[in-house]
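Summary of structural features
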Amino acid sequence: TPTCYDLIERAKKKVPIVIVGDSSQTNTSPNIAIDNYEAARELAEHLYNLGHRKIAYITTPVNAVSVQRKRRLAGLQDYFNEKGCANGFYVYEYLNGIISSASTSMDVIIGQNMALQAVQEHPDITAIVTLGDMLAIGVYEGLKKCGMHIPADISVASFDDIEFARYISPTLTTMDTKLPMRSKFAFDYLI
């Protein structure tokens, strides 16, 4: 079966293609992306400087196709390893089924359930980081169900800075991945 990169290679013979987001190192198409590894390190540094040493990371499947997920996880892990906090960095990877990128409500449910699991298994964590904001919205709900208060009891941080994240309280700490700007650059490149 063809991979998504095989399909891209076939399609670009017919139409111009620009990828917005991380892609495989073997991809030869133009790519407009942020450095997810460095973004994760910056977020890890922010949390570390606030005193967090026990952190749970919640993500959807990290696999060969999801370069973004791998880079964010690696950036967080490397930073906390360098700071001597490897034993306090817990990864919660959702592996129970296929996740559609359009399934934002599923991300909320996953975030909620994995937050409950993380605080039950590691009650000493002081922060939860999520792959994306929709997972973080679910984490907020899971923490509420546990009777925990953000940020008094635990901090939550994420990536993407999506519009929906602005409607939760307290405000979510989230890395802006500049998607509108990257999309404009991709469109300009195509023109």
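Refer to the structure printed above.
Now for a description of the structure that goes with this document. Small disclaimer: the values here were computed from a predicted structure and weren't measured.

**Brief notes about the overall build of the chain**
Within the chain, the regular secondary structure consists of 6 helices and 7 strands. Burial status across the chain gives 44% buried among its 191 residues. Considering only intrachain contacts with a sequence separation of at least 6, the fraction spanning at least 24 residues in the chain is 67%.

**Observations regarding the sheet that holds strand β7 (residues 173–176)**
Spatial strand order, β4-β3-β5-β6-β7: 5 strands in an open sheet with parallel pairing. Because the sheet does not close on itself, it has two edges, and the strands there are β4 (89–93) and β7. Strand-to-strand, the axes of this sheet are offset by a mean angle of 20°, without reference to chain direction. Each of β5 (127–130), β6 (155–160) and β7 is contacted by helix α2 (residues 36–49), which is oriented at about 165° to β6, the strand it contacts most.

**Observations regarding α2**
Its 14 residues give α2 an end-to-end C-alpha distance of 20 Å, which sits within 8% of 20 Å, the value for a rise of 1.5 Å per residue. Regarding α2, the residues found buried are N36, Y37, A39, A40, R41, L43, A44, L47 and Y48. Those residues of α2 hidden inside the fold are in contact with α3 (67–82), β5, β6 and β7. Its side-chain oxygen 3.1 Å from the backbone nitrogen of Y37, D35 forms the N-cap of α2. Two residues or fewer after α2 comes G51, characterised by a positive phi angle close to 100°.

**Concerning the nonpolar core**
With 46 residues, the main nonpolar core has F80, I128 and V129 as its most contacted residues. Mapped onto this core, the elements with two or more residues apiece are α2, β3 (55–59), α3, β4, α4 (104–121), β5, α5 (133–145) and β6. The dominant element in this core, judged by the number of residues it contributes, is α5, at 7 residues. Leaving out residues up to four positions away in the same chain, V129 has contacts with L43, L47, I55, A56, Y57, I58, L76, A157 and F159.

**Structural notes on the packing of aromatic side chains**
Tallied over the full model, the rule gives 4 aromatic pairs. Taking the centre distance of 6.4 Å and the plane angle of 20° together, the rings of Y57 and F89 count as stacked. Taken as a pair, Y57 in strand β3 and F89 in strand β4 lie far apart in primary sequence, 32 residues in all. Like F89, Y57 is buried.

**Brief notes about the side chain of N36**
With respect to the secondary-structure elements, N36 resides in helix α2. One polar contact links N36 to R72, side chain to side chain, over a distance of 2.7 Å.

**A look at unusual backbone geometry**
It is generally the case that most residues other than glycine have a negative phi and that most peptide bonds are trans. Backbone torsion omega between I150 and P151 reads 0°, so that peptide bond is classified as cis. The step from S169 to P170 runs through a cis peptide bond, and the omega angle for that step is -5°. Along the chain, the position of P170 falls in the loop between β6 and β7. Here D160, not a glycine, exhibits a phi torsion of approximately 110°, which is positive. Structurally, D160 can be placed in strand β6.

**Some points on the pattern of salt bridges**
The final tally for this structure, using the stated rule, is 7 salt bridges. Between R41 and E82 there is a salt bridge, with its nearest N and O atoms 2.8 Å apart. A residue pair is termed long-range when its members are at least 10 positions apart, and R41 in helix α2 and E82 in helix α3 qualify at 41 residues. Owing to a relative accessible area of 53%, E82 belongs among the exposed residues under this scheme. A salt bridge links R72 to D160, with the nearest nitrogen and oxygen atoms 3.0 Å apart. Taken together, the residues span a long stretch of sequence, with R72 in helix α3 and D160 in strand β6 at a distance of 88 residues. What makes D160 partly exposed here is its relative accessible area of 23%.

Conventions and cut-offs
- Residues numbered from 1 in each chain as written.
- Predicted model: local features only at pLDDT ≥ 70, side-chain atom pairs only at ≥ 80, totals over all residues.
- Heavy atoms only, no water.
- Helix = DSSP H or I, 4+ residues; strand = E, 2+ residues; numbered from the N terminus.
- Buried < 20%, exposed > 50% of the residue type's maximum accessible area, 1.4 Å probe, protein only.
- Contact = heavy atoms within 4.5 Å.
- Pairing = 2+ DSSP bridges.
- Axes fitted to C-alpha atoms, helices over the stretch in contact; angles between N-to-C directions.
- Expected span 1.5 Å × (residues − 1).
- Polar contact = N/O pair within 3.5 Å; in protein donor to acceptor, adjacent residues only side chain to side chain.
- Core = buried A, V, L, I, M, F, W, Y, C linked by side-chain atoms within 4.5 Å.
- Phe/Tyr/Trp six-rings, centres within 6.5 Å; stacked < 30°, edge-to-face > 60°.
- Salt bridge = Lys/Arg side-chain N within 4 Å of Asp/Glu carboxyl O.

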